[in-house]
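# Observations on the three-dimensional arrangement
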Amino acid sequence: MFLSSIIDKITRAFLDNNRYLYFLDGLKTTIIIAVGALLLGIVIGTIVAVTKIIPKKTKVGVFFEKLAHLYTTVIRGTPIVVQLLLIYFVVFASLRLNAVLVAVIVFGINSGAYVSEIMRSGILAVDKGQMEAGRSLGLTYYQTMGKIVLPQAVKNILPTLGNEFIMLLKETSVAGFITVVDLTKATQMIVSASYDAFVPYIVLAITYLLIVLLIEFGLKKLEARLRLSDNR
Amino acid sequence: MITVKNLVKEFGTLRVLDDINLHINKGEKVVIIGPSGSGKSTLLRCMNQLEIQTSGDVFFEDILVDAKSNVNEIRQKMGMVFQQFNLFPHLTIEKNITLTPVLLKLKTEEEAKEDAKRLLKRIGLLDKIDAYPNQLSGGQKQRVAIARALAMNPKVMLFDEPTSALDPEMVKEVLDFMKELATEGMTMVVVTHEMGFAKEVGSRIIFMDGGKIVEDTTPKEFFTSPKSNRAIDFLNKVLY
C-alpha cells in the first residue's frame, strides 16, 4: 500500500514526460560548476597564498599583498548569493554571459578566498629548510615554491581541501538565483510540475550525499598515493 | 675563491657579524669553529646569501654576489649542506639528486640519472635509489644531501654543522665522506664542533667569537698554541 504509493510518486515525479532528464541535466550542471569552481579556486587560492607569503622587498609586492588581503576579507565577508546576484546582474549584466559560466567564475572566486588561507597554512607548515635547500642549489624562489614547497603543502592540506570541495558542491545549490538550472533548481521544477515535494527532495538529498561519498572515496585514494613517501 | 669584505650582519639591535674580512683560496679546507652564537653559521650563510648582510660585500671568484641579480647562478657553484639535511621528503632519493640539474637544464634527464647512480654507488646507497628520505637513517640522509649538492658540480662546498643532528654512531660515515672530498681537492668551508675533523682535515682554522674572527691560523698552531685567551678557554671546554 505505502510502497505502491511511493512507486506511483516516483513515476509521477521522474518518469512522466521524461522529467528525469531535467534531473540529469541539473546534475551535469552542478558537477560542471563544482569542478570548474574548484579548479579555478585552487588556481586563485594558490596565487593569493603565495602573494601573501612571498618576502616583500618592493612597493609593488606590498601593494599586491594588501590587494590579496582585501580580496579574502571582502569575499569571506559577503554571502555567496549576494556575490552571485551582483556579478551576474550588475558586473556582467551587459556582457550577457552564459549563467553557468558566471556561476563557475563566482564560485571559483569565492572558493579561492577560502582555499588561499588553507593553502597559506599548508605552505607555512612546510619546514623553512626546504626553501633554503632549494635556493641553495640555485633554484629561483618560484621554482622552489612550485617543485618543492607547494607539493608538500598540498599533501598537508588535502583533507581540508576535500572539506572545501564538499562545501563548495553543496553551496552550488544556490546557483538557481541567477537562472542556472542546477540539480536543486531542476528538482524544484520537477516538484512544481508533479505536485509532490516529498520524493523529489528526498532523491535530491540522496544525490548530493552520493556525490559527497564519491568525493570522499576519491580523496582517500589520492591521499594514499601522496602518502607513499611517508612509509618508513 | 671566496672573499668577504667588511661584512656586518645585524638581527635587530644584535650584531651577529662585526666587520668580517676573509679570503678563501681554491683548495683550502677552512674549518670555522667557535662557541654558539659567535656568528659562524651566519657567516657561512652570508657566503651564499641565504642570509643577507646588513653591510659589506661577498665576492665569489672576484664577482660580487648580489641577491638581486646573479645569486642563483653563483649558488649553483656553491654546494651547501645543512644540519637538518633538508632532503625533499616528497621525492625519491634519485629525484632529490636529479631534480635541480634537470630543472636548470644543466643536464639531460639521462645524464642526471647516470650521475645520481654514480654518486649513490660511491656512498654505498645505490639500493636506496627508489626509497624516500624518511626510509633512511640520519647518516644516510646527510650523505645523500652531500651527493645532491655534488650533483651540481660545485666549485666549493659549504657545510653548516653537518654532523650536529646525527646520532653519534653515524657521525663517522659522514665525516669520512667529507674527508674523501677533501683529499680529492674540493674547496670546503666547514662550520663544525668536530675538533678531530678540524685537526685532521682542516688546512686552516677560523676561530670566531662575538661576531669577530679571533684567530685565523693552521690547525696545528691553533690546537697546540692558541694565541687568544678566548680560544684557550674554548679549547679547554671542548677538548676533554
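Anything mentioned here points back to the structure above.
We now turn to the structure provided with this report. (Residues numbered from 1 in each chain as written. Chains lettered and ligands numbered in written order. Predicted model: local features only at pLDDT ≥ 70, side-chain atom pairs only at ≥ 80, totals over all residues. Heavy atoms only, no water.)

### Structural notes on the overall build of chain B
- The number of helices and strands found in chain B is nine helices and 10 strands.
- Taken over the C-alpha trace, chain B has a radius of gyration of 18 Å; the compact-globule value for 240 residues is 18 Å, and the two agree within 12%.
- By its C-alpha atoms, chain B is 55 × 45 × 30 Å across when sized along the principal axes.
- When the 240 residues of chain B are sorted by exposure, 58% land in the buried category. (Helix = DSSP H or I, 4+ residues; strand = E, 2+ residues; numbered from the N terminus. Rg over C-alpha atoms; globule rule 2.2 N^0.38 Å. Buried < 20%, exposed > 50% of the residue type's maximum accessible area, 1.4 Å probe, protein only.)

### A closer look at helix α5 (residues 99-125) of chain A
All names here are of chain A.
- Given a rise of 1.5 Å per residue, 27 residues ought to cover 39 Å, and the 38 Å separating the end C-alpha atoms of α5 matches this to within 8%.
- The sharpest bend along α5 reaches about 30° and sits at A113.
- Here α5 starts with a cap whose side-chain oxygen sits 2.7 Å from the backbone nitrogen of V100, and that cap is N98. (Expected span 1.5 Å × (residues − 1). Bend = angle between axes of the 7 residues up to and from the residue. Polar contact = N/O pair within 3.5 Å; in protein donor to acceptor, adjacent residues only side chain to side chain.)

### What to know about the nonpolar core
Residues and elements named next belong to chain B.
- Among the nonpolar cores identified, the biggest contains 38 residues, and I2, L43 and M47 are the most heavily contacted of them.
- Setting aside anything within four residues of it in sequence, one finds I2 in contact with L22, H23, I24, M47, V58, F59, F60, M78, V156 and L158.
- One finds A147, A149, A151 and F177 within the second-largest nonpolar core, a separate group that totals 36 residues. (Core = buried A, V, L, I, M, F, W, Y, C linked by side-chain atoms within 4.5 Å. Contact = heavy atoms within 4.5 Å.)

### Examining the sheet that holds strand β9 (residues 204-209) of chain B
All names here are of chain B.
- What the six strands build is an open sheet, ordered β6-β7-β8-β3-β9-β10; its pairing is mixed. One side of each edge strand has no neighbouring strand; the edge strands of this open sheet are β6 (78-81) and β10 (212-217). The sheet shows a mean angle of 15° between the axes of neighbouring strands, direction not considered.
- Pairing geometry for β9 and β10, over five bridges, is antiparallel. Each bridged residue has a counterpart across the sheet, and for I206 the counterpart in β10 is D216. (Pairing = 2+ DSSP bridges. Axes fitted to C-alpha atoms, helices over the stretch in contact; angles between N-to-C directions.)

### Observations concerning the side chain of B:N96
- Its location among the elements puts B:N96 in helix α3 (residues 93-103).
- Relative accessible area serves as the criterion here: at 0%, B:N96 is assigned to the buried category.

### Digging into the pairing of β6(B)
Residues and elements named next belong to chain B.
- Neither face of β6 is exposed, since M78 and M80 on one face and G79 and V81 on the opposite face are all buried.
- Here four bridges tie β6 to strand β7 (residues 156-160), and the two strands are oriented parallel to one another. Each bridged residue has a counterpart across the sheet, and for M80 the counterpart in β7 is L158.

### Observations concerning a nonpolar patch on the surface
All names here are of chain A.
- Together, V82, L85, L86, F89, V90, V91 and F177 give the surface a local cluster of nonpolar side chains, amounting to about 630 Å² of exposed area.
- Considering the arrangement of structural elements, one finds V91 in helix α4 (residues 80-91).
- Judged by relative accessible area, V91 falls into the exposed class, the value being 52%. (Patch = residues over 30% accessible without salt bridge, like charges linked within 9 Å, V, L, I, M, F, W, Y side chains within 5 Å. Areas by Shrake-Rupley, 256 points an atom, 1.4 Å probe, with all protein chains shown as cover. Salt bridge = Lys/Arg side-chain N within 4 Å of Asp/Glu carboxyl O.)

### Looking at helix α6 (residues 168-183) of chain B
Residue and element names in this part refer to chain B.
- Here α6 spans 24 Å end to end across 16 residues, near enough to the 22 Å set by a 1.5 Å rise per residue.
- Taken together, the buried positions of α6 are M170, V171, V174, L175, F177, M178, L181 and A182. An end-on view of α6 places all buried positions within 155° of arc, on one side of the element. Facing away from the buried side of α6, by more than 90 degrees, are the exposed residues E169, K172 and T183. (Arc of directions from axis to C-beta.)

### Some remarks on the packing of helix α2 (residues 20-53) of chain A against helix α8 (residues 183-194) of chain A
Residues and elements named next belong to chain A.
- At a closest axis distance of 7 Å, the pairing of α2 and α8 adopts a crossing angle of 160°. As judged from the angle between their axes, α2 and α8 are roughly antiparallel. The hand of the α2/α8 crossing is right-handed. Residues Y22, F23, G26, L27 and T30 of α2 form the contact with α8, whose own contacting residues are L183, A186, T187, M189 and I190. (Parallel < 35°, antiparallel > 145°, perpendicular 65-115°, else oblique. Left-handed = near helix turned anticlockwise from the far one by under 90°.)

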